[in-house]
Amino acid sequence: MSTVETVDEGAVHGFLHRPSSAPIATLALTHGAGSNCDTVLLRAVADGFAEAGVQVLRFDLAFRVRRASGPPHPSRAAEDRAGIAEVIAAVRKDDSVPGPVLLGGHSYGGRQASMLASENPGLVDGLVLLSYPLHPPKKPEKLRTEHLPDLNTPTVVVHGSKDEFATTEEMRAALDLIPAVTALVEFEGARHDLSVVKFPVVEQTVAAATELFTLGR
């Protein structure tokens, strides 16, 4: 049985899920624009990875640390990425955890994580992107793909076929821009929230990450 601890130190504000045995990897996991790190999705994914032996730190982005509600402002997105970098630096200071360091996020959090990774090759060993917001709803011409050709980090993308932020075809085309190895996990009928009650999101996300990042081998 994994355990959960509250973390509030320096740039890190969130919860640490410790597996019952020695961790095989660490995943830093963050949230989307309209929430915080204590969502149903993030809690479930964190528990699932912890049960598979991965230590998980789910954390709040800088904009959420500043205020309890409201969306991030585009002009301060760089501050959110800087905050993620500080979290990864804190994670890497923990020499007790062997194996890869992974970074994941839902929607806006995943986008900022992927942008940070494209700007800093080698920062993390893998990405887990939940409902990547490829474009605003009903605005497919406003693609958020500029950084993808520079993304050299292996990436798992988890996507719902009814996500208004991207069609499956659009997502596949975007992944073709990434030079690193990628894996697409799709759920037919799932929306942007990736309901863990309706779909086996946790099980298949953990399985895909275990395979792509060769966790525990």
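Residues numbered from 1 in each chain as written. Predicted model: local features only at pLDDT ≥ 70, side-chain atom pairs only at ≥ 80, totals over all residues. Heavy atoms only, no water.

Q: I would appreciate a short explanation of the pairing of strand β5 (residues 101-106) in the present structure.
A: For a regular strand, the rule is simple: side chains alternate between the two faces of the sheet. With 6 of its 6 residues buried, β5 lies for the most part within the structure. By the alternation rule, side chains of β5 split into Val101, Leu103 and Gly105 and Leu102, Gly104 and His106, which are all buried. Alignment of strand β3 (residues 25-30) against β5, held across 5 bridges, turns out to be parallel. Looking at the pairing, Thr30 lines up with Gly105 of β5. Note that β5 and strand β6 (residues 126-130) share 5 bridges and pair parallel. Across the sheet, Leu102 pairs through a bridge with Gly126, a residue of β6. This β-α-β element, β5 to helix α4 (residues 108-119) to β6, shows right-handed connectivity. (Buried < 20%, exposed > 50% of the residue type's maximum accessible area, 1.4 Å probe, protein only. Helix = DSSP H or I, 4+ residues; strand = E, 2+ residues; numbered from the N terminus. Pairing = 2+ DSSP bridges. Right-handed = clockwise from strand over helix to strand, strands pointing away.)

Q: Please explain the sheet that holds strand β2 (residues 12-18) as it appears in this structure.
A: Two pairing modes exist for strands in a sheet, parallel and antiparallel, and in both the strands are linked by backbone hydrogen bonds. Within the open sheet, the 8 strands sit side by side as β1-β2-β4-β3-β5-β6-β7-β8. Their pairing is mixed. The strands lining the two open edges of the sheet, one partner per strand, are β1 (3-9) and β8 (182-187). Across this sheet, the average inter-strand angle for adjacent strands is 20°, counted without regard to direction. Across 7 bridges, the pairing between β1 and β2 is antiparallel. Bridged to Val4 within β2 is His17. Contacts between helix α5 (residues 168-175) and the sheet are confined to β7 (155-160) and β8, with β8 contributing the most and set at about 170° to the helix. (Axes fitted to C-alpha atoms, helices over the stretch in contact; angles between N-to-C directions. Contact = heavy atoms within 4.5 Å.)

Q: Before we go on, may I ask you to explain the pattern of salt bridges in this structure?
A: Oppositely charged side chains may form a pair once their charged atoms are brought near each other. Counted according to the given criterion, the structure contains 7 salt bridges. Between Arg66 and Glu79 there is a salt bridge, with its nearest N and O atoms 3.0 Å apart. In this pair, Arg66 sits in helix α2 (residues 62-66) while Glu79 sits in helix α3 (residues 77-92), placing the two residues 13 residues apart along the sequence. The exposure class assigned to Arg66 is partly exposed, which follows from its relative accessible area of 34%. The salt bridge involving Arg92 is made with Asp125; its shortest N-O contact spans 3.6 Å. With Arg92 in helix α3 and Asp125 in the loop between α4 and β6, this pair connects stretches of sequence that are 33 residues apart. Take Arg92: its relative accessible area is 38%, and that puts it in the partly exposed class. Given the relative accessible area of 36%, Asp125 is considered partly exposed. Counted as one network, the salt bridges with shared partners bring together Asp38, Arg43 and Arg58. (Salt bridge = Lys/Arg side-chain N within 4 Å of Asp/Glu carboxyl O.)

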